[in-house]
Every structure is written in structure tokens, then in C-alpha cells.
Amino acid sequence: MKILEEYTLDQLKQDFEQKGYKRYRAMQAFSFAWNYTPIQEMTSLPEEIRQELCQEYTSIPVTIHKEFVSRDGTVKFLFRLLDNNLIEGVLMKYKYGYTLCISTQVGCRMGCVFCASGIDGRVRDLTAGEMIGQILAANKYLGGGIGNDRKITNVVLMGSGEPLDNYDNVVKFIKLVSASGTINISQRNISLSTCGIAPKIRSLADEGLGITLTISLHATTDLNRQKIMKVATAYSLADLFEAIHYYYKTTHRRIVFEYILSKGNVSAADAKRIASLAKGLSCHVNMIPINKTPTSPLEPASQEKTREFFETLKSYGITATTRRTLGSDINGSCGQLRRSYLKGE
Ligand code: SAH
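Residues numbered from 1 in each chain as written. Predicted model: local features only at pLDDT ≥ 70, side-chain atom pairs only at ≥ 80, totals over all residues. Heavy atoms only, no water.

**Regarding the pattern of salt bridges**
By the definition in use, this model includes 17 salt bridges. Between Lys172 and Glu6 there is a salt bridge, with its nearest N and O atoms 3.5 Å apart. Of this pair, Lys172 sits in helix H5 (residues 167–177) while Glu6 sits in the loop between strand S1 (2–3) and helix H1 (9–19), and the two are 166 residues apart along the sequence. Residue classification places Lys172 among the partly exposed residues on the basis of a relative accessible area of 34%. When salt bridges that share partners are traced, they join Lys2, Asp15, Lys19 and Glu56 into one network. (Salt bridge = Lys/Arg side-chain N within 4 Å of Asp/Glu carboxyl O. Helix = DSSP H or I, 4+ residues; strand = E, 2+ residues; numbered from the N terminus. Buried < 20%, exposed > 50% of the residue type's maximum accessible area, 1.4 Å probe, protein only.)

**Structural notes on the site of the ligand**
Residues in close proximity to the ligand total 21 residues, the closest being Phe114, Ser193, Ser216, His218 and Asn291. In this structure, a nitrogen atom belonging to the ligand sits 3.0 Å away from a side-chain N or O atom of Glu162. Between Thr194 and the ligand, the recorded distance is 3.4 Å, taken from a backbone N or O atom to an oxygen atom. With the chains in place, 94% of the 530 Å² that the ligand exposes on its own is no longer accessible. For the shell around the ligand, the elements supplying multiple residues, two or more each, are strand S10 (190–194) and strand S12 (255–260). Its residues assigned to classes, the shell around the ligand comprises 10 nonpolar, 9 polar and 2 charged. (Near = heavy atom within 4 Å. Polar contact = N/O pair within 3.5 Å; in protein donor to acceptor, adjacent residues only side chain to side chain. Areas by Shrake-Rupley, 256 points an atom, 1.4 Å probe, with all protein chains shown as cover. Nonpolar A, V, L, I, M, F, W, Y, C, P; charged D, E, K, R; others polar.)

**Focus on the side chain of Ser59**
Note on placement: Ser59 falls in the loop between strand S2 (57–58) and strand S3 (62–69). Among the polar contacts listed, one links the side chain of Ser59 to the backbone oxygen of Thr37, at a separation of 3.3 Å. A polar side-chain atom of Ser59 sits 3.5 Å from the main-chain amide nitrogen of Ile39. Ignoring any residue separated from it by four or fewer positions in sequence, one finds Ser59 in contact with Leu4, Glu5, Thr37, Pro38 and Ile39. (Contact = heavy atoms within 4.5 Å.)

**Some details on the packing of H1 against helix H2 (residues 23–34)**
In the contact formed by H1 and H2, the axes pass within 8 Å of each other and the chain directions differ by 130°. When the axis of H1 is compared with that of H2, the two are oblique. Classified by chirality, the crossing of H2 by H1 is right-handed. Residue-level inspection shows Leu9, Leu12, Lys13, Phe16 and Glu17 of H1 in contact with H2, the latter providing Arg23, Arg25, Ala26, Met27, Ala29 and Phe30. For the contact of H1 with H2, a count of residues per class yields 7 nonpolar, no polar and 4 charged. (Axes fitted to C-alpha atoms, helices over the stretch in contact; angles between N-to-C directions. Parallel < 35°, antiparallel > 145°, perpendicular 65-115°, else oblique. Left-handed = near helix turned anticlockwise from the far one by under 90°.)

**Digging into unusual backbone geometry**
One non-glycine residue, Asn84, lies in positive phi territory at about 75°. Even without being a glycine, His218 presents a positive backbone phi close to 70°. Here His218 shows up in the loop between strand S11 (212–216) and helix H7 (222–228). With relative accessibility at 4%, the residue His218 sits in the buried group.

**Topic: the pairing of strand S9 (residues 152–157)**
Within a regular beta strand, the side chains point alternately toward one face of the sheet and then the other, so they alternate between its two faces. Here S9 lies mainly inside the structure; 6 of its 6 residues are buried. Here strand S6 (residues 97–101) runs beside S9; their pairing, made up of 4 bridges, is parallel. Residue pairing for S9: Cys101 is matched across the bridge by Val156. Where the polypeptide runs from S9 across H5 and back to S10, its parallel neighbour, the crossover connection is right-handed. (Pairing = 2+ DSSP bridges. Right-handed = clockwise from strand over helix to strand, strands pointing away.)

**A word on the domain arrangement of the protein chain**
Split by domain assignment, the protein chain resolves into domain 1 (2–58) and domain 2 (62–342). For domain 1 and domain 2, the distance between their C-alpha centroids amounts to 33 Å. If you look at the interface, domain 1 gives 12 residues, while domain 2 gives 21 residues. Where domain 1 abuts domain 2, roughly 1200 Å² becomes buried across the two surfaces, and 69% of that area is made up of carbon and sulfur atoms. Its largest share of buried area at the contact with domain 2, domain 1 owes to Glu6, Trp34 and Tyr36, together 61% of the area lost on that side. In this structure, the connection of domain 1 to domain 2 is made through 1 salt bridge. Seen at the junction of domain 1 and domain 2, the total is 4 residue pairs in polar contact (both at pLDDT 80 or more). Among the elements that make up the side of domain 1 that touches domain 2, the one with the highest residue count is H2 (4 residues). Taken together, the residues that form the side of domain 1 that touches domain 2 break down as 6 nonpolar, 4 polar and 2 charged. (Domains from an automatic or database assignment. Buried area = accessible area lost by both parts, 1.4 Å probe.)

Here it is as C-alpha cells:
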């Protein structure tokens, strides 16, 4: 089955024309689909067109299976896919609107020791339509859609999965979701977070997208990084930073580093190494308090080391902020909710 939300308006027009439908019917189907309407309920399309479309297309590839509302208003969704796989997403309210954190794979094969998404490996990649579907489902939950108030204004690809391990679908998703006529989310409001697959960062630089690249750095020596992130055995920090510098030179977009505040990786020396690796980049460091997972060996860094780290970054002109811990009472971190749900907790 083809997923309706995965087609651009032009592609649908062509397809509809070939079927002998009027071209404006494609426009109708397109806006219904982006408003989270099942094909059967696309009432301005004649019944026979709806019937025929249902033979070939499906819409609504993602539904909300369960939602968990945190005391701070953050909502964690367990989304259901058409094959009954479950993925998760997090809805966060900020002053400027809503940000949705979406998943890009069912599970993950990157195997970072602190992350719950990788514990059981990767099940499968998500299609572009399934990434779009998460946003449409959340928009619907908030009572928004195209034509109404678009509720979700910002998207972060920071849920389960490694976006650059599902490269083609992710790029297709970014292009579709930022295209006019869809929900038109500005590429400037999209952040892609990667554990650091260096060659894919280079490819991404050449796509000409205006998104923010976020790097899960977490350590500043190859040895320390290899202890916590499998990807670091494939790409050294030198490889990774070569790719990041290329990305920056090509796109002129500020780079964001995510840095888990773990014991052994947070010190003045670490900050100094970041400054040296990032020399010439415009960048920001997002300091992340560890969210404890059952299998993670990481211990939190002391306040004193954290302050040292922060002050040293500052002395090199690098801004850093601590990430707000939203939704920690509802299994807020990557992969935790799906995992505890599947285990029946
Ligand atoms: N694979 C991508 C995106 C998913 S992880 C990546 O690696 O960037 C998104 C972010 O959540 C990453 O920065 C990751 O390091 C962080 N994260 C995962 N588990 C965490 C935990 N237990 N505590 C704090 N941050 C965590």
C-alpha cells in the first residue's frame, strides 16, 4: 500500500491524471491527508474515487495508542504503526509553540550504553510517511491542522532511532514536511540529532537543507567515547569533526552539541578539548542531565565538575545551557517508554 502523505502534490496530480481524475481532486486528497483524514472520510471526493483510492493508498500511518501527560505538561505518546509496531514521541510546550520529538526507527542499532532505544536493537526503519504521521497525529491531538492553527511548529529528530542510519527516508521527510501546501514546517525549525555517522553528515551537508545539525558528543577523547558509543569505534573524533566542519562550511548553520553530564567526561580538560575540536565553528553545547535507564553504567558528574566544564567552555566563548528535564516522571528519555510498556511495567 502506498502512503498518501508520502506524495508531493505534483506527484499526486500526475497519478490522479493518469487515473482519469480531475487534477483538483489531487489537491483535495492532499489537503485532507495532511489534515489527518482517512480516505473514506474525504467527503468532497466522490464515493467511487474514494473506493478506488483505498485499493492503492492508505492514509493515517500513525495513530496514538496511548498518551502520558507529565506534571509539567509534557506529553509522551506511544504511537502505533499500521503493522502494530509501537514508537514514541514527546510533545513539549514552549513559549513560541509546540515542539514534537519524533522517532526515525523502531528501536536502534547504534548501541549507546546510556540509551534505552538500543537495548533490543533495531526492528525496522520508519518511512517518511510514518515520520509525518507522528506530527499529524500530535497536531490532531492539539486540535490543529492545516487551515486551522498549525500547532506543531518545531520538530526534533531525537526520538528512538538514528536518523542518519535511515538517511533517504529522513531526507524525504524533511523535504515533504517543509514543502508549501503541507504543514510547512520551516527547515530552520527542524533539528536532526545524530550519534555521528561521519560520511552521512557530509552527504547531509550537500542536500542544501536549512536544518540544525545536533551531534551527540558525550565525550572528548576517542577512548572515552568508544566506552559509551559503539559508533565511535567506526569514526574517530577526528573523522567526526572533519565532517562537522564540512557541514558548517557548506551550510553556515550553527552546530549544537549534546553532552550528557556523566562522571569521567565532564571536566575543564573536556571543555578545552571541545573548544579545540570546535575551533572555527559557531556552536552551542546542550548539557544533558542523565536520565537513568536500567542498563546504563553512567553516573552523574558532580556539580563542581559541571561548573568547571561550563566555565571553561564560556572562557573559550562557547555558550552552553542545561537542558530542561521535561517529562522525567513519564519515562521522558529516548526509548524508555516503549520499553517499559512492552515489558508490561
Ligand atoms: N540517534 C540520535 C537521536 C536519538 S538520541 C542521536 O544519537 O543523537 C537523542 C538524544 O538523547 C541523544 O543526544 C542521546 O544521547 C540522548 N539520550 C539518550 N538516552 C539518554 C539518557 N538516558 N539520558 C540522557 N540523554 C539521553
